[in-house]
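Each chain, letter by letter, is given below.
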Amino acid sequence: MYAKKLGLTRSGMLEVYMLIILHELLNFLIRLLVRPKGEKFDLLLVRTDGIGDYIIWLDSLRAYKEAFKDKKVLLVCSRATLDIARLDPFFTKIVPLDREQFLKVTYWYSFVKKIRQYAFDYAIAPAFSRSYVSDSVISVICSKRRVGFRGDCLNMSRWQKYYMECFYTQLINTPLERLPEIDINAYFVRTLFSQDFQAQLPAFPVLPISCSYVEGNYCVFFLSTNNLFHAWSVDRFVKIAMELVDKYKIILLGYGKIDQDLSDAFMCLSGNNGQIINKVNKTSFLETAQIVSHASLVIGNDTGGIHLATSLRVPSLAVVSGAHPGRFLPYPSRFSSLSYFPHVVFHQMDCFGCDYRCSRPMKQVYECIDSVNVESVRKELLSLLNCLK
C-alpha cells in the first residue's frame, strides 16, 4: 500500500529501503564518533516539509516566539521554504536541507557534519505527519530533549515510524478527534508550553520592497500540485480563465519542468491570448509572493500557492481531492467570514479520507479530482467574485 501511494514498484521500494539501511549505518557511526564543537542553542526547530505545510505552521510559530523570546533558535528547513524563513528575525541561524539530495550518502554526511557542530537544550520536530527526513535530523543531533508528534504514517511506512520514535525523548499523543492542520499545530504547542494558544489563519512575514509587480487587475493561476494524480486538468483551468480575461489579466506562476509543461499547454489551449502572461520559472519565490500579494484573486489546485494567498490576505479558489478533507483545505469554517478565506470545490464521494491510498481504478488523475466539473468551479468562482464586490 505504501509503495502504491509513492508510485513505486516493489523493486523501487526495495532500493529505497536499502538506502535507508545504509543511512542508518552512517547515522550510527556519526552519533558514535562526531561530537559537538560549536555553538550551543536553546532551541532547534525541524520543519523540512513543503511550502504549503510550512505556511500553515507559521501561525503556531507565534507560540514559539513567545516561549523562546530572546533565545538562540536554529531552524532546519527545506530549501523550498528557505526564502520564507529568512524573512523572520526569530531564527538565529537557518540550516537548509535539500530533500531531493537527502538519500545521497555524500550529501547527508556533509549535512550531518554541519548540524553535529551544535548542541541544543531543546529540539522540536512539530510535524504531525512525520517524515524520515525530519526524523533523521532528530536522530543525529545532540540535544537533552527531543520532542515530536506521535502522528500518522502518511509520509513513511509503519515500521519506519516506530523505529524512528526511539530517538525522541517525548512524543505528543495524537488528538482524539480529526482536526484541521492549523488546529493540529495549535494542539501541539498547547500541549507543550502554551495552554491558551488559539489558532488563526497563517500570516506571511513582511515582504521586502520589490519592483516585481504586474500592473492592473489580475488573477494568478497555480496549475500543478505535488503529485499530478491529484491535479485538475489544464483544459478545465483554461475554461475558467476565459471567464475572467475580460476583467483580469491571467498570470501563470510556478517552478520546474511540470509547471513549465502545464503552462505551455495552457498558453496553447488559450490561443496565446494577450491577457495571459506566463511567468512560470521566471520569478524567485519572493517575487512570486510579491505578485500574489497584489493579485485580485488566486486559483489553483490544493497546493502551496493557495496557502500563500491566504497568508498574504488574498482571496483564492482551490480544486481539492477527497484524500484528507478538512485537514489542509478547506480551512475551519469559523474563519469563513474573512474576505481572504479560501473557497474550495470538491466532488463528494464515499471513499473520502483515503490519504491518497486510492481504492478506485486509476486513470490519469484520481477519480475525485476528475469528477470535479467546470460548471461547479464556475459557480464557486461567481460566488467568490460577488464577495469581492
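Provided above is the structure to which this section pertains.
Owing to the predicted nature of the structure, the values given are computational and were not obtained by experimental measurement.

Rules used in this analysis
Residues numbered from 1 in each chain as written. Predicted model: local features only at pLDDT ≥ 70, side-chain atom pairs only at ≥ 80, totals over all residues. Heavy atoms only, no water. Helix = DSSP H or I, 4+ residues; strand = E, 2+ residues; numbered from the N terminus. Rg over C-alpha atoms; globule rule 2.2 N^0.38 Å. Buried < 20%, exposed > 50% of the residue type's maximum accessible area, 1.4 Å probe, protein only. Areas by Shrake-Rupley, 256 points an atom, 1.4 Å probe, with all protein chains shown as cover. Pairing = 2+ DSSP bridges. Axes fitted to C-alpha atoms, helices over the stretch in contact; angles between N-to-C directions. Contact = heavy atoms within 4.5 Å. Core = buried A, V, L, I, M, F, W, Y, C linked by side-chain atoms within 4.5 Å. Salt bridge = Lys/Arg side-chain N within 4 Å of Asp/Glu carboxyl O. Phe/Tyr/Trp six-rings, centres within 6.5 Å; stacked < 30°, edge-to-face > 60°. 1 Å grid on protein atoms, 1.4 Å probe; cavity = no way out; pocket = protein on both sides within 12 Å on 5 of 7 lines; lining within 4 Å. Points joined across faces, edges and corners; volume = space filled by probe spheres on them. Nonpolar A, V, L, I, M, F, W, Y, C, P; charged D, E, K, R; others polar.

Participant: Explain the overall build of the protein chain to me, using residue names and the numbers behind them.
Facilitator: Of regular secondary structure, the protein chain possesses 15 helices and 12 strands. A compact globule built from 389 residues should have a C-alpha radius of gyration of about 21 Å, and the protein chain, at 21 Å, falls within 12% of that. By its C-alpha atoms, the protein chain is 65 × 50 × 40 Å across when sized along the principal axes. For the protein chain, the proportion of its 389 residues judged to be buried stands at 56%. Entry remark: accessible area of the protein chain is about 18,000 Å², with carbon and sulfur atoms responsible for 53%.

Participant: So what's going on with the sheet that holds strand β10 (residues 297-301)? Residues and values would help.
Facilitator: Strand order in the open sheet made by the 6 strands is β9-β8-β7-β10-β11-β12, with parallel pairing throughout. Looking at strand neighbours, the two that pair on one side only are β9 (276-278) and β12 (343-345), the edges of this open sheet. Direction aside, neighbouring strands of the sheet carry axes that sit 20° apart on average. In this fold helix α13 (residues 304-311) packs onto β7 (218-222), β10 and β11 (316-319), with an angle of close to 155° to the strand it touches most, β10.

Participant: Requested: an account of the nonpolar core, with residues and values cited.
Facilitator: In this structure, L45, Y64 and V220 are the most contacted members of the largest nonpolar core, which totals 63 residues. Counting residues per element, this core draws most heavily on helix α9 (residues 181-192), which supplies 6 residues. Counting 39 residues, the second-largest nonpolar core is a separate cluster that includes M267, V345, V365 and L384.

Participant: Can you break down the pattern of salt bridges residue by residue, with the values?
Facilitator: Side-chain pairs of opposite charge can arise where the charged atoms are in close proximity. On inspection of all chains with the given rule, the structure shows 18 salt bridges. R334 is paired through a salt bridge with D183; the nearest N and O atoms lie 2.6 Å apart. With R334 in the loop between β11 and β12 and D183 in helix α9, the pair connects residues that are 151 residues apart, well separated along the chain. D183 sits in the buried class, given a relative accessible area of 13%. A salt bridge links E375 to R378, with the shortest nitrogen-to-oxygen separation between them at 2.6 Å. Linking E375 with R378, this pair stays in helix α15 (residues 374-388), spanning 3 residues, or about one helical turn. With a relative accessible area of 48%, E375 lands in the partly exposed category.

Participant: Let's hear about the packing of aromatic side chains: which residues, and what values?
Facilitator: Summed over all chains, the structure comprises 21 aromatic pairs. Where W57 meets Y64, the ring centres are 5.9 Å apart and the plane angle is 55°; that geometry is what we call tilted. Residue classification places W57 among the buried residues on the basis of a relative accessible area of 0%. The interplanar angle of 90° and the centroid separation of 5.7 Å between the aromatic rings of Y163 and F167 together place this pair among those described as edge-to-face. Grouped by ring-pair contacts, the aromatic residues Y54, W57, Y64, F68, Y122 and F193 constitute a single cluster.

Participant: Could you give me a rundown of the side chain of T310, with the residues and numbers involved?
Facilitator: Inspection of the secondary structure assignment puts T310 in helix α13. For T310, the residues in contact, after removing those within four places along its chain, are L201, P202, S316, Y331, Y340 and P342.

Participant: Describe empty space enclosed by the protein, and please don't skip the residues or the numbers.
Facilitator: Evaluated as defined, the whole model comprises 2 cavities of 30 Å³ or more. Of the voids in this model, the largest cavity is the one considered here, and its volume is about 80 Å³. Residue lining of the largest cavity: G322, A323, C351, F352, C354, Y356, C358, R360, Y366, E367 and C368, and that is the complete set. Taken together, the residues of the lining of the largest cavity sort by class into 8 nonpolar, 1 polar and 2 charged. Each pocket or cavity is described by its volume, and for the second largest cavity that value is around 40 Å³. Among the residues forming the lining of the second largest cavity, the class breakdown is 5 nonpolar, 3 polar and 1 charged.

Participant: Give me the sheet that holds strand β1 (residues 40-47): which residues, what numbers.
Facilitator: What the 6 strands build is an open sheet, ordered β3-β2-β1-β4-β5-β6; its pairing is parallel. Edge positions in the open sheet fall to β3 (93-97) and β6 (170-172), since each of these has one partner strand only. Mean inter-strand twist for the sheet, computed between neighbouring axes without regard to direction, equals 20°. Across 6 bridges, strand β4 (residues 119-125) lies against strand β5 (residues 142-149) in parallel orientation. In the sheet register, A119 faces β5, and the bridge partner there is C142.

Participant: Quick rundown of unusual backbone geometry? Include the residues and the values.
Facilitator: For the bond running from L329 to P330, omega is -5°, close enough to zero to count as cis. Structurally, the position occupied by P330 is in the loop between β11 and β12.

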